[in-house]
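Residue-level listing of the chains:
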Amino acid sequence: MSENAEIRYQGQSWEFPVVVGTENEKGIDIQKLRDRTGLVTLDNGYQNTGSTKSAITFIDGDKGILRYRGYPIEELAQKATFPETAYLLIYGELPTAEQLRIFRQRLTENSMIHEDMLHFLTGMPPSAHPMGILSSMVNALALFYPRFYVEDMDAATFDQMAVSLISKVRTIAAFSYKKSIGEPFVYPRADKTYCANFLNMMFDSHAKPYSEDPLFIEALNALLIVHADHEQNCSTSTVRLVGSSYANLYASICAGICALWGPLHGGANQKAMETLSMIQKNGWTAEQVIAKAKDKKDLFLLHGFGHRVYKSYDPRAKVLKNLVERVFSTKNIQDPLLNIALELEQLALKDEYFIERKLYPNVDFYSGILYRAMGIPEDMFTVMFAIGRMPGWIAHWKEMHDEGNLKIGRPRQIYTGPTVRSFVPKEERV
Ligand code: ACO
């Protein structure tokens, strides 16, 4: 039975429909609120605003649940491959063996970037942050592969752009790393899987040929899967907002990459690792660090802690913490930064400030420790996040366009500036 919610204001009342999701999440549909009442809603940072209905990812932040198309993240991270997960997110169902074979084949066929794009890449300053390189190069894809007009895009064109982005972003990321260390690019290979190919492009060199490490390949696969989607987060909402103006997929995703870069979002993984290094360098105790994080006069934040939606342990952080333990014990890796992280977590989880605010480790707290163990440098951490998030961004862009009845994203505001006034110059003009 359909439900309504009543809004009362100045002696009048109006009913608005309540929309119910498949997991019994409820929201008041206020699309007609302004037309009927003259009021708008005000929600700083969209803390309580549902911007869309979506069938891609479900999160229950209180229970620490994350599912892609109904499949729990823990199962996918353990049993699926990243290309399989990408297919699931974008097309809604797991691929058959034949669909997966074709998808993989297309990833391989689209892994190269146009040689002319290398002029851009080589012309960027050696100190350029890899996220700046990635966003510029992804936007530039629209110039080199321009069959993108949204208005007349058919399914085959979309499929082509999707595999192209998922595959090329990995090549661009590895090339930007090789550029930063002054080594020649290593081209993608048709005989390697998605993750092995990336690690080969990153670490193969004349001096030291890369030899595949199955555990690191498995860890990278899980890392990419846990990052693959997270419903209407800052970067995905950005992709949707930009895409809602009918901007092409490359431009929309370029905007998403820029949104991800910020230290409150995907950039937190680099910040979290820098924080751990700073703690080690300065010899701070875990107690001192927790005190700094709680001090409102101190700008220091414990990056990798806290989340807008999770008010319990982030399930992605759980997967990664287990993976860290397995990788470190199997390979007998000693990293003092891991010990600092574990000590900080233990202390924070017992601390009144963190308990009251329900601040738990998020996905960015342990991911950096794993990347570091694989030899991936700190300034590449957020790029790794972007490679993982690519299928999620694409899936949301597709869902928004497939739905029909697309409305351009355009929030309202409550204006607080001066009321009308006449123009009088401040000073006599010469
Ligand atoms: N360290 C110390 N205090 C924190 C932290 C933290 N990491 N996170 C939140 N708080 C405090 C805030 O100061 C605030 O305290 P107050 O109520 O006394 O003012 C309270 O907890 C609530 O935090 P908000 O920032 O209001 O929560 P919001 O939902 O707006 O922000 C966010 C969530 C941005 C993730 C925040 O927790 C944060 O800044 N964390 C650190 C950065 C980080 O790890 N980001 C990655 C998130 S996961 C991702 O995007 C992939």
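Turning next to the overall build of the protein chain. Per the secondary structure count, the protein chain includes 18 helices and six strands. On C-alpha atoms alone, the protein chain measures out to a radius of gyration of 24 Å, which is about the 22 Å that the 2.2 N^0.38 rule sets for 430 residues. Across its three principal directions, the C-alpha atoms of the protein chain cover 75 × 70 × 60 Å. Relative to its 430 residues, the protein chain shows a buried fraction of 48%.

Once that is clear, we can look at the packing of aromatic side chains. In total, this model carries 15 aromatic pairs according to the counting rule given. Each ring, one from Phe305 and one from Phe365, has its centre 5.0 Å from the other, and the planes form 80°; the classification is edge-to-face. You can see Phe305 sitting in the loop between helix 13 (286-294) and helix 14 (315-331) and its partner Phe365 sitting in helix 17 (residues 363-374), a full 60 residues away along the chain. Phe365 carries the same exposure label as Phe305, and that label is buried. A centroid spacing of 6.4 Å and a plane angle of 55° characterise the contact between Tyr313 and Tyr360, whose relative ring orientation is tilted. Taken together, the residues span a long stretch of sequence, with Tyr313 in the loop between helix 13 and helix 14 and Tyr360 in the loop between helix 16 (352-356) and helix 17 at a distance of 47 residues. Three or more aromatic residues joined by ring pairs make a cluster, and in this case those are Phe305, Tyr353, Phe354, Phe365 and Tyr366. The ring centre of Tyr194 lies 4.2 Å from the NZ or CZ of Arg170, which sits over that ring.

Moving on, we get to the nonpolar core. Ranked by size, the top nonpolar core spans 116 residues in total, and within it Ile166, Phe198, Ile253 and Leu344 carry the most contacts. Taken domain by domain, the makeup of this core includes at least three residues from each of domain 2 (74-227 + 250-260 + 387-401) and domain 3 (268-373).

Remark on secondary structure: sheet strands pair via backbone hydrogen bonds, oriented parallel or antiparallel. One open sheet accounts for three strands, arranged 1-2-3; its pairing is antiparallel. In this open sheet, the two edge strands, each paired with only one partner strand, are strand 1 (3-9) and strand 3 (26-28). Averaged over all pairs of adjacent strands, the angle between strand axes in this sheet comes to 35°, irrespective of strand direction. Where strand 2 (residues 12-20) lies against strand 3, three bridges are found, and the strand directions are antiparallel. Within the sheet, the bridge partner assigned to Val18 lies in strand 3 and is Ile28.

To continue, consider the site of the ligand. By nearness alone, 21 residues border the ligand, and Leu264, His265, Leu302, Gly304 and Arg308 come closest of all. Residue Arg308 places a side-chain N or O atom 2.7 Å away from an oxygen atom belonging to the ligand. Between the ligand and the protein, one listed contact pairs a nitrogen atom with a side-chain N or O atom of Tyr353 at 2.9 Å. Burial of the ligand by the surrounding chains reaches 72%, relative to a free accessible area of 910 Å². Residue classes in the shell around the ligand are distributed as 11 nonpolar, six polar and four charged.

Buried within helix 10 (residues 234-243) are the following residues: Ser235, Thr236, Val239, Arg240 and Gly243. Taken end-on, helix 10 shows its buried residues confined to a sector of 140°, consistent with a single buried face. Packed against the buried residues of helix 10 are helix 11 (249-261) and helix 18 (381-402).

Moving on: the domain arrangement of the protein chain. Considered domain by domain, the protein chain is made up of domain 1 (4-65), domain 2 (74-227 + 250-260 + 387-401) and domain 3 (268-373). Taking only C-alpha atoms, the centre of domain 1 and the centre of domain 2 are 35 Å apart. In this complex, domain 1 contributes five residues to the contact, which on the side of domain 2 involves four residues. Here domain 1 packs against domain 2, burying approximately 360 Å² in sum over the two surfaces, 56% of which is carbon and sulfur. Counting the surface domain 1 buries against domain 2, the share from its top three residues, Ser54, Ile56 and Thr57, is 84%. Inspection of the domain 1/domain 2 interface yields zero salt bridges. Connecting domain 1 to domain 2 are two residue pairs in polar contact (both at pLDDT 80 or more). In the side of domain 1 that touches domain 2, the residues fall into two nonpolar, two polar and one charged.

Take the sheet that holds strand 5 (residues 65-68) next. Taken together, three strands build an open sheet; the order of strands is 4-5-6 and the sheet is antiparallel. Looking at strand neighbours, the two that pair on one side only are strand 4 (57-60) and strand 6 (71-72), the edges of this open sheet.

Here we take up the side chain of Thr37. Looking at the secondary structure, you find Thr37 in helix 1 (residues 33-37). A distance of 2.6 Å separates a polar side-chain atom of Thr37 from the backbone oxygen of Leu33. At 3.0 Å, the side chain of Thr37 and the backbone nitrogen of Leu39 are in polar contact.

We now examine the pairing of strand 5. Only one face of strand 5 is covered, namely the face carrying Leu66 and Tyr68; the face carrying Ile65 and Arg67 is uncovered. The turn linking strand 4 back onto strand 5 is made up of four residues, and Gly64 within it adopts a positive phi angle of 70°. Bridge count for strand 5 against strand 6 is two bridges, and the pairing is antiparallel. The partner of Arg67 across the bridge, within strand 6, is Pro72.

Scoring rules and cut-offs
- Residues numbered from 1 in each chain as written.
- Predicted model: local features only at pLDDT ≥ 70, side-chain atom pairs only at ≥ 80, totals over all residues.
- Heavy atoms only, no water.
- Helix = DSSP H or I, 4+ residues; strand = E, 2+ residues; numbered from the N terminus.
- Rg over C-alpha atoms; globule rule 2.2 N^0.38 Å.
- Buried < 20%, exposed > 50% of the residue type's maximum accessible area, 1.4 Å probe, protein only.
- Phe/Tyr/Trp six-rings, centres within 6.5 Å; stacked < 30°, edge-to-face > 60°.
- Lys NZ or Arg CZ within 6 Å of the ring centre and 35° of its normal.
- Core = buried A, V, L, I, M, F, W, Y, C linked by side-chain atoms within 4.5 Å.
- Domains from an automatic or database assignment.
- Pairing = 2+ DSSP bridges.
- Axes fitted to C-alpha atoms, helices over the stretch in contact; angles between N-to-C directions.
- Near = heavy atom within 4 Å.
- Polar contact = N/O pair within 3.5 Å; in protein donor to acceptor, adjacent residues only side chain to side chain.
- Areas by Shrake-Rupley, 256 points an atom, 1.4 Å probe, with all protein chains shown as cover.
- Nonpolar A, V, L, I, M, F, W, Y, C, P; charged D, E, K, R; others polar.
- Arc of directions from axis to C-beta.
- Contact = heavy atoms within 4.5 Å.
- Buried area = accessible area lost by both parts, 1.4 Å probe.
- Salt bridge = Lys/Arg side-chain N within 4 Å of Asp/Glu carboxyl O.

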